[in-house]
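Inside the fold
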Amino acid sequence: MQNPPFMMTRQNIEQGLTPNNINLSRNWLGQYFARFLLQKIMGVFKVKLPKANEVTFRDWAFNYFWYCLFQFGYFAVFRTRKFGVIMQQCNPGGFDINYNPYYVTVTNTLLGIDTPVRLEIDRDCVVVQLTPDWAGISDLINYYAGLLALVGQTTTINLFNSRLSYVFAVKDRNSAEAMKLLAENISKGHIANVIDKKLLGDNGEPTWQLFEQNVGGNYIVDKLLDAWATIENKFATDVGLPNANTSKRERLITDEVNANNVTTAAMAGMWLENMKRGFDKANKMFGLDMSIEWKYNPLQDSRGEEAGDDRRDNNPKGGSSRAA
């Protein structure tokens, strides 16, 4: 059995579609939703990156910053002679006493020969991480993108199959062509449609048989759209985007909303702490002024009050309150 890394031909075998597997995200619709979800995550945090000055000779690119963090999971900040202090995608290597990498390597032909290829962490560079396990969140994005792609495909198919259509049984080819033309004219909205008398029997009765499908019984688009919204809400909860994450109903108790707020902040809060820790190290080592914070704090309501604050409940007796 061949072990990775694979050649291209072997990758096609390893990653190809098989009858007993469902690969939801390796198609154009899955990639569409992955791009859509990734850009939604970029709206969770508000970040301040270095501007061009005597330390950083040029502005840092926001798009490069976000894609390095969310797709690769980390980047290195270090000083160069040609560009000043910059951030770059890197590859970790080695391991220290805590089994963490102790150096990174950077490959960029524009850096020239003055920049060392190997940088020791916390001495030559600072690594800003998104997660503790040195991984990005492409797996999370692809999982939800696959679910949304499946719902999107099913919705399209159900809409197509829910169109009113007919099946005719006729006696010969001429009759079939006549019925095709009649159905086409009806679909175009013709007010008056004429059929050939040859399509009628000797007693004036139609010579065709009609088969109708149960359009209303097959229509489930409304349920699929509810599933779509549920998946998006679950994704928003996982990545720190404020949401109720509940089925739409008239009354929600405050504790239900507060509980979801805490769940929403859990994982994204860990990401924020990791990035802040890296930002603080880079600011101290290289004299930068980077910062990152919540754009919409999931632990606060629209008035800026913390979740769990009794002032949020409009019913002081502890009953249910109508959700805004």
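Anyway, here's the lowdown on the structure attached to this text. Since the structure is predicted, the reported quantities are computational estimates derived from the model, not experimental observations. (Residues numbered from 1 in each chain as written. Predicted model: local features only at pLDDT ≥ 70, side-chain atom pairs only at ≥ 80, totals over all residues. Heavy atoms only, no water.)

A word on the pairing of strand β2 (residues 74-80). For β2, the tally of buried residues reaches six of seven residues, placing the bulk of the element in the interior. Note that β2 and strand β7 (residues 125-129) share five bridges and pair antiparallel. Directly across from F75, in β7, lies its bridge partner V128. Examined bridge by bridge, β2 and strand β3 (residues 84-88) share five bridges and lie antiparallel to one another. In the strand pairing of β3, T80 is matched with G84. From the end of β2 to the start of β3, which pair antiparallel, there are three residues. (Buried < 20%, exposed > 50% of the residue type's maximum accessible area, 1.4 Å probe, protein only. Helix = DSSP H or I, 4+ residues; strand = E, 2+ residues; numbered from the N terminus. Pairing = 2+ DSSP bridges.)

So, about the sheet that holds β2. One open sheet holds the three strands; their spatial order is β3-β2-β7, and the pairing between them is antiparallel. A strand with exactly one partner marks an edge of an open sheet, and here the two such strands are β3 and β7. Averaged over all adjacent pairs, the angle separating strand axes in this sheet is 20°, with direction ignored. Helix α3 (residues 62-72) rests against β2, β3 and β7 of the sheet, and its axis sits at about 135° to β2. (Axes fitted to C-alpha atoms, helices over the stretch in contact; angles between N-to-C directions. Contact = heavy atoms within 4.5 Å.)

The subject of this paragraph is the sheet that holds strand β5 (residues 103-105). Taking strand neighbours across the sheet as the criterion, the three strands line up as β4-β5-β6 in an open arrangement whose pairing is antiparallel. Either end of the sheet is taken by a strand with one partner, and the two such strands are β4 (91-93) and β6 (118-120). Ignoring which end each strand starts from, the neighbouring axes of this sheet average 30° apart. Where β5 lies against β6, three bridges are found, and the strand directions are antiparallel. Its bridge partner lying in β6, T105 is registered against R118.

The next point concerns the side chain of T56. For T56, the location among the structural elements is in the loop between β1 (45-48) and α3. Separated by 2.5 Å, the side chain of T56 and the backbone oxygen of K51 make a polar contact. Discounting chain neighbours no more than four positions away, the residues touching T56 are P50, K51, F83, V85 and L288. (Polar contact = N/O pair within 3.5 Å; in protein donor to acceptor, adjacent residues only side chain to side chain.)

To continue, consider α3. Along α3, the positions that sit buried rather than exposed are F65, W66, C68, L69 and F70. Just downstream of α3 lies G73, where phi reads positive at about 100°.

It is worth spelling out the layout of surface pockets at this point. Roughly 410 Å³ of internal volume is contained in the second largest pocket. As for the second largest pocket, its lining consists of 19 residues, of which I121, D122, Q129, W134 and K281 are closest to the centre. When the residues that make up the lining of the second largest pocket are grouped by side-chain class, the tally is eight nonpolar, six polar and five charged. (1 Å grid on protein atoms, 1.4 Å probe; cavity = no way out; pocket = protein on both sides within 12 Å on 5 of 7 lines; lining within 4 Å. Points joined across faces, edges and corners; volume = space filled by probe spheres on them. Nonpolar A, V, L, I, M, F, W, Y, C, P; charged D, E, K, R; others polar.)

One broad trend across soluble globular proteins is that nonpolar side chains are buried collectively. Membership of the largest hydrophobic core comes to 50 residues, with the highest contact counts inside it found for F45, F65, F70, F75, V77, W271 and L288. The residues touching F70, leaving out its near neighbours within four places in the chain, are L38, I41, M42, F45, L130, G136, I137 and S138. Core analysis: the next-biggest nonpolar cluster, separate from the first, contains 14 residues, Y74, C90, L111 and I121 among them. (Core = buried A, V, L, I, M, F, W, Y, C linked by side-chain atoms within 4.5 Å.)

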